[in-house]
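# Residue-level structural notes
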Amino acid sequence: MLTAIFRLFLVLVVAGIAGLVGKSLLGDVVGWLIAIAIPVFSLLIAFINQTRLDIFVKGAGISSLSGFGGGWPEIFFRLQRIITLLRKDIEHVERQHKRFIEAFQASPNGIVMLDDQDQIEWCNAIAERFLGIQFKRDALQRIHYIVRKPEFVEYITARQYEEPLVVENMGNNSGLILRLQAFPFSENRRLLLIQDITDLSKAEAMRRDFVANVSHEMRTPLTVMMGFLETVQTLDLPPEQKTQYLEMMMDQGRRMKNLVDDLLTLANLEANTQPAPNNRISMSYLVSLIKNDAYALSQGKHALNFEVKTPCDLLGEEREVLSAFSNLVSNAIRYTPDVGSINVSWSINPAGEGEFSVTDTGPGISSEHIPRLTERFYRIDRSRSRETGGTGLGLAIVKHVASRHQANLVIESTPGKGSTFTLRFPPERIS
Ligand code: ADP
């Protein structure tokens, strides 16, 4: 400002001196003309420069500076350099900002930024879905006015963020379990992170159920065994009765061993996520092995029929396939009352798939149980299962073996008439 006043003063002084010189040399009129012309000319130059500066600032570039005299081009040149650097800085910051937004959008977790008033400053698309909000509509609204779930409102307003909040069924997401946690950051803002933990929670619940089931399954034979042991220890029993008790204990011991064996088989199958190897398994040989075991288990109480319609090789893991087939056949024998019949067959269907089928004339299974039969420890007839030495894990093992061999387990059953369990292997597994 001072420079501008000084310049004006300078122009007026120069105009005055020039006017006086003009007046003394060339007369009054010329002197006045010179004294007026100098400030007018200065003003004109300043006006033209201002206009050009305006044009330049609007982006016309350095070429618009041609025609300037004096120190102006130098000043404009420097100005343009500053503007160019500033523009580059702004572009760089904008690019970085865009990348941050893209990274936050790519996150599998919901992210919401809240200001010090709990108003939504920004959120990603996942957070919109999890919380049932729309950023365009709800920006700068207090989040707890939009997300009305009571426990969420309490969490946000209480401002105690050390622990996460776990909520179910937020927004329109029925069945979804979310873990939310707020993290304070600059100027009293908060970053709200939302994670979908539905699968994790289900897996955790399954693990808890599984441990409870195994403990229960183990405790029953153990309690029985300890009861017998106590009796044998405290009572002076005749030798025949002692032998009988020892046999009963042996039975319980076998039950526990079967359970542990099945648990280990299942654990191994679950640990192995790779497809089964392509070892050649002769179906005629495998069926003959199963046949021997089946006759031993049935003890002549059932009509058994075994048929290998297409003798060929299956490509897979023999131990696993044998365990799956044996489970299906032993189930048919265990659940079919005496005098019933069981048909076991291996064939190739018109689509080239290999089918191992076990049909029995047992009690059958009503349709509501069928989808759950392969769950661990799911039983329809608990006492029949226990009486016949079942562990409740047989069909779970079959399902895992099937999936390792890209096979399907198909269960068809009519209550009161019988059931057919079919393992269908893809043509690539048939040789
Ligand atoms: P378990 O060791 O109890 O037999 P599984 O997993 O092999 O366990 O079978 C689960 C349940 O499915 C059994 O408890 C039984 O109720 C039912 N089930 C299996 N196979 C048959 C069958 N062939 N006929 C009738 N019910 C069956």
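Residues numbered from 1 in each chain as written. Predicted model: local features only at pLDDT ≥ 70, side-chain atom pairs only at ≥ 80, totals over all residues. Heavy atoms only, no water.

### A look at the sheet that holds strand β11 (residues 408–414)
This is how it is decided: Pairing between two strands requires that DSSP report at least two bridges joining them. Runs of E in the DSSP output that reach at least two residues are strands. Runs of H or I that reach at least four are helices, and both are numbered from the N terminus. For helices, the fitted line uses only the C-alpha atoms of the stretch in contact; every axis is such a line through C-alpha atoms, and the angle between N-to-C directions lies from 0 to 180 degrees. Residues are treated as being in contact if the distance between any of their heavy atoms lies within 4.5 Å.
Read across the sheet, five strands follow the order β7-β9-β10-β12-β11 without closing on themselves; strand pairing throughout is mixed. If you trace the sheet from one side to the other, it starts and ends with β7 (303–308) and β11, each paired once. Each neighbouring strand pair of the sheet contributes to a mean axis angle of 10°, computed without reference to strand direction. In this sheet, strand β12 (residues 418–425) lies alongside strand β10 (residues 354–360) in antiparallel orientation, the contact comprising seven bridges. Across the sheet, residue Gly-354 finds its bridge partner in β12, namely Phe-425. Its contacts with the sheet place helix α10 (residues 283–298) against β7, β9 (341–348) and β10, and it is angled at close to 175° to β7.

### Here's the deal with the domain arrangement of the chain
Quick note on the threshold: For the domain bounds, the source is a domain assignment made automatically or taken from a database.
In terms of domains, the chain is made up of domain 1 (2–90), domain 2 (107–196), domain 3 (201–271) and domain 4 (279–429). Here the C-alpha centroids of domain 1 and domain 3 sit 104 Å apart.

### Let's talk about the site of the ligand
Threshold: Near, as used in this document, describes a residue that has one of its heavy atoms within 4 Å of the molecule or strand being considered. Here a polar contact is recorded for every N or O atom pair within 3.5 Å, except that within protein the pair must consist of a potential hydrogen donor and a potential acceptor, and residues adjacent in sequence are included only if both atoms are side-chain atoms. The Shrake-Rupley method, run with a 1.4 Å probe, gives the accessible areas here. Residue values count only the displayed protein chains as cover. A 1.4 Å probe that fits but cannot get out identifies a cavity on a 1 Å grid over protein atoms alone, an open set with protein on both sides within 12 Å along at least five of seven lines counts as a pocket, and a residue lines either if it has an atom within 4 Å of a point. Pocket or cavity membership: a molecule qualifies when more than half of its atoms sit within 2 Å of the grid points of that site.
Inspection of the region around the ligand gives 20 residues, with Asn-331, Tyr-335, Ser-385, Gly-392 and Leu-395 positioned closest. A distance of 2.8 Å separates an oxygen atom of the ligand from a polar backbone atom of Leu-395. Compared with its free state, where it exposes 530 Å², the ligand has 98% of that area covered by protein. More than half of the atoms belonging to the ligand lie within 2 Å of the grid points that define the largest pocket. Where the shell around the ligand is concerned, the elements lending two or more residues are α11 (318–335), α13 (394–404) and β12.

### Comments concerning the nonpolar core
Rule in force here: By nonpolar core is meant a set of buried Ala, Val, Leu, Ile, Met, Phe, Trp, Tyr and Cys residues that side-chain atoms within 4.5 Å join together. When a residue's accessible area, from a 1.4 Å probe over protein chains only, is under 20% of the maximum for its type it is buried; when over 50% it is exposed; and in between it is partly exposed.
Ranked by size, the top nonpolar core spans 44 residues in total, and within it Phe-325, Val-329, Phe-356 and Leu-423 carry the most contacts. Looking at which element gives the most residues to this core, the answer is α11, with seven residues. Both domain 3 (201–271) and domain 4 (279–429) contribute no fewer than three residues apiece to this core. Apart from residues lying up to four places away in sequence, Phe-325 is in contact with Met-283, Leu-286, Ile-290, Phe-356, Leu-423 and Phe-425. Membership of the second largest hydrophobic core comes to 24 residues, among which are Leu-114, Leu-131, Phe-152 and Leu-178.

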